[in-house]
Amino acid sequence: MTTAPPLALSVRDLAFAYPDGRQVLYGVDLDVARGERVAMLGPNGAGKTTLVLHLNGILSPGRGEVRVDGLVVGPDTRREVRRRVGIVFQDPDDQLFMPTVAEDVAFGPANLGVTGADLRRCVDRALEQVAMSGFGDRSPHHLSFGQRRRVAVATVLAMQPQILVLDEPSSNLDPASRRELADIVRSLPVSVLMVTHDLPYAAELCSRSVLLDAGQVVAARPTAELLADTELLGAHRLELPYGFEPTRLSGCYGEPVAGAARDQ
Amino acid sequence: MSGSHGDGHGDGLHVPGHTVVHHVPAHAALLGVVAFVLVVVATPATEPLAYAGYALLLGAAVVLAGLAPALVLKRMVVEVPFVVFALLVPFVAAGPRVEVLGVAVSQPGLVDAGALLAKATLGVVAAIVLSATQHPRALLLGLSRLRVPDLVVTIAGFMFRYTQVVLDEMRRMRVAREARGFEATSVRQAKVLAQSAGALFIRSYERGERVHLAMLSRGWDGAMPALTDLRRETVRRGAWLPAAVLPLAALAVLTVQLTTSRGLAP
């Protein structure tokens, strides 16, 4: 359990109930190694978003703990944890609240005390990472949905996180935007936890998947293996899209060139 | 190009252009408009010629800014509730009565209403010119340059950003209503509209909470970070001069008008 490099993210026995008594998480365990991309799959209402809000200390666990690169998430470490964990929320309009793209990307690092030329460099670099250089002076309102989602990713990349948490990253994206975002995620030198019920997307990007349902981890396996278990998926309201054949993916999941889809 | 003058093409009310008026720095334009409005409201109701002078000045500004008169007229609709109020004044005010079209109205009320209407119209048109020639973003920067508290500027910034999001949401709700055969034709349907407004309020409120979460996630601790480093505008020396022309000219009109009317009075 105490292997040499600390895990990028480790969640141990996490339980949580909202103040109204509604219990959502019942002892969740989850590990993400450095540089690893893990998908968190689960039907609506499984507790995925609640879990995500624990990862940077917005919610505090009732029981158990969350560690980010060895650092226990708590009131004293919140600031550092929020730098290390970059959460990209589902609706980019929630994430992009400043009048211009550049200011929005600058918001995080500026909160961390970055100023002057460093701040500008930070912003330029983050926008470059998501292929949105030159859009800095635009209003988010004038971007397409896919562009807004990419800028949302840039807003957390600017904080140079060690782990990127993407909440339903592929939702509402057209096929090209979806592929562009996948390319970007693959190019980033960070660990990724991707919360989704887009199973092919998980297969394309993540070597390992965790299935969460009713506040508990039901399975944690290599993605292709998990997706091949249609019985398990079916028991937790997950279904592969028509015609999708997970066995054809085995061995190539998460690799930079993902699968037969494009190498015909 | 006339098509591009419609609402919804630029950002907010902004009508892109490259005129003298457009190139005035935002903070100077803001000050210019405020100063002009102060001169207008300081003008006694008994000086109708001064108001005519101001109107000519503003008309010149509209022409200089290359704004279509139709656009200005269309945006003046916001003044309508005020006009209704002003029209009531002659009926409710005290004082000697005069007959206008066979109806007895208060004579001082009539003068006051006229002045009120003139002042309101001049202020509205000045604001229309300001909002059409300055990008909302530039106006926000202008406000912070004028040392308006950061909190106020931030709130204005959020308003600018989310008005657009909420308007989009409103448009989608309208389409959804109409797609199911709803047409607002009688007062009885007000209930549906009120429910829509309520739903929109709740959605906006929930969005506010999600935005707050996103802000917390990026290390926000209650104070907006200073992002001045990102603003690489430089203001030419003397660039503010055109903004001073309007209020100074208005002041000149007022002075001339007051001295001549006083000279004639005895």
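Because the structure is a prediction, the values reported are computed rather than measured.

## Notes on the overall build of chain A
So, point 1. Each helix and strand in chain A was counted, giving 10 helices and 10 strands.
So, point 2. Here the C-alpha radius of gyration of chain A, 18 Å, is about what a compact globule of 264 residues would show, namely 18 Å.
So, point 3. As displayed, chain A offers around 11100 Å² of accessible surface, 49% of which is attributable to carbon and sulfur atoms.
So, point 4. Taking the 27 positively charged and 33 negatively charged side chains of chain A as two groups, their mean positions are separated by 3 Å.

## Quick word on the interface of chain A and chain B
So, point 1. Taken together, the contacts link 37 residues of chain A with 32 residues of chain B.
So, point 2. For the pair chain A and chain B, the two sides together bury roughly 3000 Å², of which 56% comes from carbon and sulfur.
So, point 3. On inspection of chain A and its partner chain B, the count reaches 6 salt bridges.
So, point 4. Across the pair D94(A) and R210(B) runs a salt bridge, and its minimum N-O distance is 2.4 Å.
So, point 5. Counting residues per element, the ones that place at least two in the side of chain A that touches chain B are α2 (78–84), α3 (92–95), α4 (101–111), α5 (116–129) and α6 (145–157) of chain A.
So, point 6. When residues in the side of chain A that touches chain B are grouped by element, the largest group, 8 residues, is from α4(A).

## Brief notes about helix α2 (residues 48–64) of chain B
So, point 1. In a regular helix each residue adds 1.5 Å, so 17 residues correspond to 24 Å; α2(B) covers 25 Å between its end C-alpha atoms and thus fits that length.
So, point 2. Where α2(B) ends, the next residue or the one after it, G66(B), has phi of about 65 degrees, a positive value.

## Quick word on unusual backbone geometry
So, point 1. For Q160(A), which is not glycine, the phi torsion reads 50 degrees and is therefore positive.
So, point 2. Position of Q160(A) among the secondary structure elements: in the loop between α6 and β7 (163–167).
So, point 3. For Q160(A), a relative accessible area of 44% translates into the label partly exposed.
So, point 4. Phi is positive for R147(B), close to 65 degrees, though the residue is something other than glycine.
So, point 5. Mapped onto the elements of the fold, R147(B) is located in the loop between α6 (136–145) and α7 (150–179).

## Comments concerning the sheet that holds strand β6 (residues 85–88) of chain A
All names here are of chain A.
So, point 1. Pairing within the open sheet is mixed, and its 6 strands lie in the order β6-β7-β8-β3-β9-β10. Across the chains shown, the open sheet's two edge strands, defined by having one partner strand only, are β6 and β10 (216–222). When the angles between neighbouring strand axes are averaged without regard to direction, this sheet yields 20 degrees.
So, point 2. Relative to strand β8 (residues 191–196), β7 runs parallel, the two sharing 5 bridges. Directly across from D167, in β8, lies its bridge partner V195.
So, point 3. Here helix α1 (residues 48–55) sits on the sheet in contact with β3 (37–41), β6, β7, β8 and β9 (208–213), set at roughly 140 degrees to β3.

## Comments concerning the side chain of T155(A)
So, point 1. Along the chain, T155(A) turns up in helix α6.
So, point 2. The buried category is assigned to T155(A), whose relative accessible area is 0%.
So, point 3. Of note is the side chain of T155(A), whose polar atom sits 2.5 Å from the backbone oxygen of A152(A).
So, point 4. Ignoring sequence-local partners within four residues, the contact set of T155(A) consists of Q95(A), L96(A), D104(A), V105(A) and R218(B).

## A short note on a nonpolar patch on the surface
Residue and element names in this part refer to chain B.
So, point 1. On the surface, a nonpolar cluster with roughly 350 Å² of combined accessible area is contributed by V77, V80, V84 and L88.
So, point 2. In this structure, V77 sits in the loop between α3 (69–75) and α4 (80–92).
So, point 3. Residue V77 is classed as exposed on the basis of its relative accessible area of 52%.

## Observations concerning the packing of helix α1 (residues 26–42) of chain B against helix α5 (residues 107–133) of chain B
Helix-helix packing is described using two parameters, namely the angle between the two axes and the distance between the axes.
Residue and element names in this part refer to chain B.
So, point 1. Two numbers describe how α1 lies on α5: the axes approach to 10 Å, and their chain directions differ by 175 degrees. What the angle tells us is that α1 and α5 run roughly antiparallel. Along the contact surface, α1 presents A29, L30, V33, F36, V37, V40 and V41, while α5 presents K119, L122, G123, A126 and L130.
So, point 2. Split into classes, the residues belonging to the contact of α1 with α5 amount to 10 nonpolar, 1 polar and 1 charged.

## Concerning the nonpolar core
So, point 1. Counting residues in each nonpolar core, the largest one holds 90 residues, and the members touching the most others are L9(A), V11(A), L41(A), V105(A), L164(A) and L193(A).
So, point 2. Each residue touching V11(A), except ones within four places of it in the same chain, is listed here: V28(A), D29(A), L30(A), D31(A), L51(A), L55(A), E65(A) and V66(A).

## Brief notes about the pairing of β8(A)
Residues and elements named next belong to chain A.
So, point 1. The element β8 is largely enclosed, with a buried count of 6 among its 6 residues.
So, point 2. Here β8 shows two buried faces, one formed by S191, L193 and V195 and the other by V192, M194 and T196.
So, point 3. The parallel pair β7 and β8, bridged by helix α7 (residues 175–187), forms a crossover whose chirality is right-handed.

Rules used throughout
Residues numbered from 1 in each chain as written. Chains lettered and ligands numbered in written order. Predicted model: local features only at pLDDT ≥ 70, side-chain atom pairs only at ≥ 80, totals over all residues. Heavy atoms only, no water. Helix = DSSP H or I, 4+ residues; strand = E, 2+ residues; numbered from the N terminus. Rg over C-alpha atoms; globule rule 2.2 N^0.38 Å. Areas by Shrake-Rupley, 256 points an atom, 1.4 Å probe, with all protein chains shown as cover. Lys, Arg positive; Asp, Glu negative; His and termini not counted. Charge placed at Lys NZ, Arg CZ, Asp CG, Glu CD. Contact = heavy atoms within 4.5 Å. Buried area = accessible area lost by both parts, 1.4 Å probe. Salt bridge = Lys/Arg side-chain N within 4 Å of Asp/Glu carboxyl O. Expected span 1.5 Å × (residues − 1). Buried < 20%, exposed > 50% of the residue type's maximum accessible area, 1.4 Å probe, protein only. Pairing = 2+ DSSP bridges. Axes fitted to C-alpha atoms, helices over the stretch in contact; angles between N-to-C directions. Polar contact = N/O pair within 3.5 Å; in protein donor to acceptor, adjacent residues only side chain to side chain. Patch = residues over 30% accessible without salt bridge, like charges linked within 9 Å, V, L, I, M, F, W, Y side chains within 5 Å. Parallel < 35°, antiparallel > 145°, perpendicular 65-115°, else oblique. Nonpolar A, V, L, I, M, F, W, Y, C, P; charged D, E, K, R; others polar. Core = buried A, V, L, I, M, F, W, Y, C linked by side-chain atoms within 4.5 Å. Right-handed = clockwise from strand over helix to strand, strands pointing away.

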